[in-house]
Amino acid sequence: MSRPSWVYRFIALLSYPFVYGLFRLEVKGLDGLEDGGFVLAANHTSNLDPWPLGLPFLPQRWVRFMAKSELYWWPLSALLEACGAFKVRRGEGDVEAIETAVDLVRTGEVVVMFPEGTRQKKGLRKKWTARPRTGAARIAHLAGVPLVPAAIKGTDGLARLAKWKVAYGEPFEPGNDAQAATERLMREIEALHETL
């Protein structure tokens with residue numbers, strides 16, 4: 001398991017007063033998570049979702065994200081990599097991204113995925129439709145690590161300074177039926193969301 005990069009720690013330090021002060025982040029279920037690697041899968045409503053998901057793990061751990069390939073242009077690509085992100089080409093069955101994710105969780109890292117593949121709501125016309133995909137379950141199964149559901153609330157209420165909330169669920173073994181594991185995952189994310 002690697003330590004967070006200095007860039008990641010610096011951005012987290014700058015973000016801390018906003019996330020915990022201004023947006024009053026409330027965290028549930030973090031104590032139930034194990035020290036080894038796992039795939040953390042959550043609902044996705046805002047580009048700000050990585051902050052409430054990742055900050056609670058600091059200072060000991062950081063979370064790693066798949067970032068869509070469209071974001072990889074200079075200088076943003078250098079920043080994304082320094083923050084632990086890795087590229088995924090959506091809609092192409094990106095084998096390299098899957099192998100990277102499997103390698104990361106096998107070495108004890110936390111890889112965050114949004115099973116719906118994109119934000120649930122957005123004002124602009126979207127190329128990708130938000131519907132559950134089996135990637136998180138497949139990666140967890142291939143790596144032999146648990147799948148952990150999580151729910152986020154409030155990050156889409158930036159203008160009204162909505163309170164941010166995150167709940168981490170119980171880890172479970174996905175098994176070799178990725179579709180069944182994904183259906184269970186989405187049910188658990190929804191149940192966690194209802195507790196926020």
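See the structure above.
Everything numeric here is computed off the predicted structure, so don't read it as measured data.

Points about the pattern of salt bridges
Here's step 1: As enumerated under the stated definition, the model contains two salt bridges in all.
Here's step 2: One salt bridge in this structure joins Glu26 and Lys163, with 3.0 Å as the shortest N-O distance. Residue Glu26 is found in strand S1 (residues 26–28), and its partner Lys163 is found in the loop between strand S6 (147–153) and strand S7 (165–168); the two are separated by 137 residues along the sequence.
Here's step 3: Glu26 sits in the partly exposed class, given a relative accessible area of 26%.
Here's step 4: Among the salt bridges present, the one from Glu188 reaches Arg184, with a minimum N-O distance of 2.8 Å. Taken together, the positions of Glu188 and Arg184, both in helix H6 (residues 178–194) and four residues apart, correspond to about one turn of that helix.

Topic: the nonpolar core
Here's step 1: Formed by 26 residues in total, the largest nonpolar core has its most connected members in Leu40, Leu53, Phe57 and Tyr168.
Here's step 2: Setting aside residues up to four positions removed in sequence, Phe57 forms contacts with Leu30, Leu33, Phe38, Leu40, Val63, Val110 and Tyr168.
Here's step 3: Judged by nonpolar contacts, the second largest core, of 23 residues, contains Val102, Val105, Ala178 and Leu185.

Things to note about the environment of Lys163
Here's step 1: We classify Lys163 as partly exposed; its relative accessible area is 34%.
Here's step 2: Sequence spacing of Lys163 and Pro50 is 113 residues, and the spatial spacing of their C-alpha atoms is 15 Å.
Here's step 3: Aside from chain neighbours lying at most four places away, what touches Lys163 is Phe23, Arg24, Glu26, Lys153 and Gly154.
Here's step 4: Only 3.0 Å separates the side chain of Lys163 from the side chain of Glu26, close enough to count as a polar contact.

Rules used throughout
- Residues numbered from 1 in each chain as written.
- Predicted model: local features only at pLDDT ≥ 70, side-chain atom pairs only at ≥ 80, totals over all residues.
- Heavy atoms only, no water.
- Salt bridge = Lys/Arg side-chain N within 4 Å of Asp/Glu carboxyl O.
- Helix = DSSP H or I, 4+ residues; strand = E, 2+ residues; numbered from the N terminus.
- Buried < 20%, exposed > 50% of the residue type's maximum accessible area, 1.4 Å probe, protein only.
- Core = buried A, V, L, I, M, F, W, Y, C linked by side-chain atoms within 4.5 Å.
- Contact = heavy atoms within 4.5 Å.
- Polar contact = N/O pair within 3.5 Å; in protein donor to acceptor, adjacent residues only side chain to side chain.

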